[in-house]
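A structural walkthrough
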Amino acid sequence: MGVIIVLVLFILLMIFCVVVLWGAPYVPSKPSDVARAFDELYQIGPDDLLVDIGSGDGLVLRAAARRGARAVGYELNPVLVLLSRWFNRRYGGVHVRLANYWRVTVPPRTTVIYTFGESRDIEKMADWAEHQATLLGHRLYFISYGFQLKRPALRSYQAHYLYQIDPLQPPEQTV
Ligand SMILES: C[S@@+](CC[C@H](N)C(=O)[O-])C[C@H]1O[C@@H](n2cnc3c(N)ncnc32)[C@H](O)[C@@H]1O
């Protein structure tokens, strides 16, 4: 019995460790910071669809849903996917997908992408968001927790930075 418990704990630990090959390790955003960001930095509401790339235990999704927004989380760690689905079970507008966010296309009505990423990937994530805006054909807002991009932010509030991400222009056709 003891061996089985140790084995299960080891597998769970491995799942949390292996994820860092694809992105940031699991560290939740501070709930009070998220609440203030949604009040002061980007006033999220019923017209919004927020996507959290690497949604962890789903606390950002919950904060968005409490303000009337719909929210979709992409999370690579199956343990966190199950936990966040349980924590968000009361919010009909919240969906959590087991997926590598580098490989997804966000829903067509997405208005804002949230990330608590890491310095190694943050510029790549902004480029990814720009690619998503281009696919959707409309502007997106990008909120980064803890990490600033090289491009100028629209605003910042405490550790959150807000960026406007416009679709890339298609190359001009030559006749
Ligand atoms: C720093 S945590 C942030 C969690 C949550 N967004 C929050 O702010 O509380 C980063 C999360 O991203 C997940 N993650 C890392 N790389 C990923 C990838 N390529 N696709 C999906 N999830 C990923 C990790 O498992 C972890 O839960």
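This write-up is about the structure you can find in this document. (Residues numbered from 1 in each chain as written. Predicted model: local features only at pLDDT ≥ 70, side-chain atom pairs only at ≥ 80, totals over all residues.)

Once that is clear, we can look at the pairing of strand S2 (residues 70-75). For S2, the buried fraction is high: six of the six residues fall into the buried class. Across the two faces of S2 the burial is the same, with Arg70, Val72 and Tyr74 and Ala71, Gly73 and Glu75 all buried. With five bridges joining them, strand S1 (residues 49-53) and S2 adopt parallel strand pairing. The partner of Leu50 across the bridge, within S2, is Ala71. In this view, the connection linking S1 to its parallel neighbour S2 by way of helix H3 (residues 59-66) has right-handed handedness. (Buried ≥ 20, exposed ≤ 12 C-beta atoms within 10 Å, placed from the backbone. Helix = DSSP H or I, 4+ residues; strand = E, 2+ residues; numbered from the N terminus. Pairing = 2+ DSSP bridges. Right-handed = clockwise from strand over helix to strand, strands pointing away.)

In the neighbourhood of the ligand, 24 residues make up the surrounding shell, with Gly23, Ser29, Gly54, Gly56 and Phe116 lying closest. For the shell around the ligand, the elements supplying multiple residues, two or more each, are H3 and S2. Its residues placed into classes, the shell around the ligand shows 15 nonpolar, seven polar and two charged. (Near = placed C-beta within 6 Å. Nonpolar A, V, L, I, M, F, W, Y, C, P; charged D, E, K, R; others polar.)

Moving on, we get to the nonpolar core. Among the nonpolar cores identified, the biggest contains 40 residues, and Ala64, Val112, Ile113, Ala129 and Phe142 are the most heavily contacted of them. A total of six residues in this core trace back to one element, the largest contributor, which is H3. When neighbours within four sequence positions are excluded, Ala64 is seen to be in contact with Phe38, Ile44, Leu50, Ala69 and Ala71. (Core = buried A, V, L, I, M, F, W, Y, C linked by C-beta atoms within 7 Å. Contact = placed C-beta atoms within 7 Å.)

This brings us to the sheet that holds S1. Overall, mixed pairing links the seven strands, which are arranged S3-S2-S1-S4-S5-S7-S6 in an open sheet. With one partner strand each, in any of the chains shown, strand S3 (94-98) and strand S6 (155-157) form the two edges of the open sheet. With strand direction ignored, the average angle separating the axes of adjacent strands in the sheet is 20°. Direction of pairing for S2 relative to S3: parallel, over a ladder of five bridges. Considered in S3, the bridge of Ala71 is made with Val94. Lying on the sheet, H3 is in contact with S1, S2, S3 and strand S4 (112-115); it crosses S2 at an angle near 175°. Helix-sheet contacts for helix H5 (residues 122-136) involve S1, S4, strand S5 (140-145) and strand S7 (160-165), and the interaxial angle to S5 is about 160°. (Axes fitted to C-alpha atoms, helices over the stretch in contact; angles between N-to-C directions.)

Closest axis-to-axis distance for the helix H2 (residues 31-41)/H3 pair is 10 Å, and the angle between their directions is 40°. Between H2 and H3, the angle is such that the two are oblique. Here the hand of the crossing between H2 and H3 comes out right-handed. Residue-level inspection shows Pro31, Val34, Ala35 and Phe38 of H2 in contact with H3, the latter providing Leu59, Val60, Ala63 and Ala64. (Parallel < 35°, antiparallel > 145°, perpendicular 65-115°, else oblique. Left-handed = near helix turned anticlockwise from the far one by under 90°.)

The subject of this paragraph is the environment of Tyr74. For Tyr74, the location among the structural elements is in strand S2. With 21 C-beta atoms counted inside 10 Å, the residue Tyr74 sits in the buried group. Through-space distance from the C-alpha of Tyr74 to that of Gly23 is 12 Å; in sequence the pair is 51 residues apart. Setting aside residues up to four positions removed in sequence, Tyr74 forms contacts with Ile53, Ser55, Arg97, Ala99, Tyr101 and Val104.

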